[in-house]
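Examining the three-dimensional arrangement
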Number of protein chains: 2
Amino acid sequence: MQDNINKLFKAIADPTRRDIFHALVLATSALSITQISTQFDMSRQGVTKHIKILNDAGLVQMNEQGRNRFCYADPKPLKEVNKWMQFYSQFWDDSLDKLGNYLDTKQT
Amino acid sequence: MQDNINKLFKAIADPTRRDIFHALVLATSALSITQISTQFDMSRQGVTKHIKILNDAGLVQMNEQGRNRFCYADPKPLKEVNKWMQFYSQFWDDSLDKLGNYLDTKQT
DNA sequence: TTTATATGCAACTTTTTAGTTGCATAATTG
DNA sequence: CAATTATGCAACTAAAAAGTTGCATATAAA
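Presented here is a report on the structure given in the accompanying data block. Nothing here was measured: the structure is a model prediction, and the numbers come from that model.

On the side of chain A, 41 residues touch chain B, which itself brings 40 residues to the contact. At the boundary of chain B with chain A, total buried surface from both sides reaches about 3,800 Å², with 66% on carbon and sulfur atoms. Joining chain B to chain A, the criterion identifies 0 salt bridges. Summed over the shared surface of chain B and chain A, the number is 4 residue pairs in polar contact (both at pLDDT 80 or more). Among the elements of the structure, α1 (4-13), α2 (15-26), β2 (60-65), α5 (78-92) and α6 (96-106) of chain B are those that each provide at least two residues to the side of chain B that touches chain A. Counting residues per element, the side of chain B that touches chain A draws most heavily on α5 of chain B, which supplies 10 residues. The residue inventory of the side of chain B that touches chain A, partitioned by class, reads 25 nonpolar, 9 polar and 6 charged.

In structure tokens form, the structure reads like this:
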């Protein structure tokens, strides 16, 4: 689905989710939901919801072991965001002067 | 403010706003709000609200001329998003095997 | 000057999002 | 087995977001 890119953008739009994702990227081992929760000033269920959204976007993967669900980050989907940005990067690479000229041509 | 990055992520989280931004990047001249509105199946005020959010994020700039407000895209703030992603790119560059090994070390 | 156009502002509705609490259940540990 | 732990599910609240309509106003065109 082309809807995936939407889930991805939504997932990283929230600062708490970016923090959770970052914590998982930095973690030296996969972390259970409870372990993650202790790092955030929020209820476990609140964290669980964020993780579900990250998981739906493909940014967090799970590994069920008994009563634990170990989570780890998977940054690969971010490639899509990167791809989206690449088109626009040609414009921010312009010098300010060049951008100025470009805009001058736009204003009638 | 470090809050700017938040506005930026929020701004690009909405598909309509990404469309508006894209249309402005592609436009050969700055476009008035009414001109932009005609391209979207939405009221002018709806579009205005999106443009305000894009403007707050720095992605759209204005140029008032009489009763018109000509809008044009400014992709430069996206550099910040790019910077945010750069850290994670080291992981998606890993081959699947390498990622696999990395994850193995994570799982008890 | 009259009319038409481009816009802003305010109030409102609907939907989504972020977060909570409470309870049930399955897996572990003592 | 009894107690503890990790979790999911459901219901709920509060706030933010997306979008609407109506009206006022300033500019431009006839």
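So, about the protein's contact with DNA strand D. Near DNA strand D lie 21 residues; those nearest to it are T34 and R69 of chain A together with S43, K49 and H50 of chain B. When atoms of DNA strand D within 4 Å of the protein are split into backbone and base, the sugar-phosphate part holds 61%. For DNA strand D, a phosphate oxygen lies 3.4 Å from a polar atom in the backbone of I33 of chain A. Measuring from a base oxygen of DNA strand D, one finds a side-chain N or O atom of Q45 of chain B at 2.9 Å. For the surface near DNA strand D, the secondary structure elements donating two or more residues are α3 (33-38), α4 (44-56) and β3 (68-73) of chain A together with α4 (44-56) of chain B. Sorting elements by how many residues they give to the surface near DNA strand D places α4 of chain B first, with 5 residues. The class makeup of the residues in the surface near DNA strand D is 3 nonpolar, 10 polar and 8 charged.

Reading the values: rules and limits
Residues numbered from 1 in each chain as written. Chains lettered and ligands numbered in written order. Predicted model: local features only at pLDDT ≥ 70, side-chain atom pairs only at ≥ 80, totals over all residues. Heavy atoms only, no water. Contact = heavy atoms within 4.5 Å. Buried area = accessible area lost by both parts, 1.4 Å probe. Salt bridge = Lys/Arg side-chain N within 4 Å of Asp/Glu carboxyl O. Polar contact = N/O pair within 3.5 Å; in protein donor to acceptor, adjacent residues only side chain to side chain. Helix = DSSP H or I, 4+ residues; strand = E, 2+ residues; numbered from the N terminus. Nonpolar A, V, L, I, M, F, W, Y, C, P; charged D, E, K, R; others polar. Near = heavy atom within 4 Å.

Honestly, that's just the spatial picture; any functional story needs more than this.
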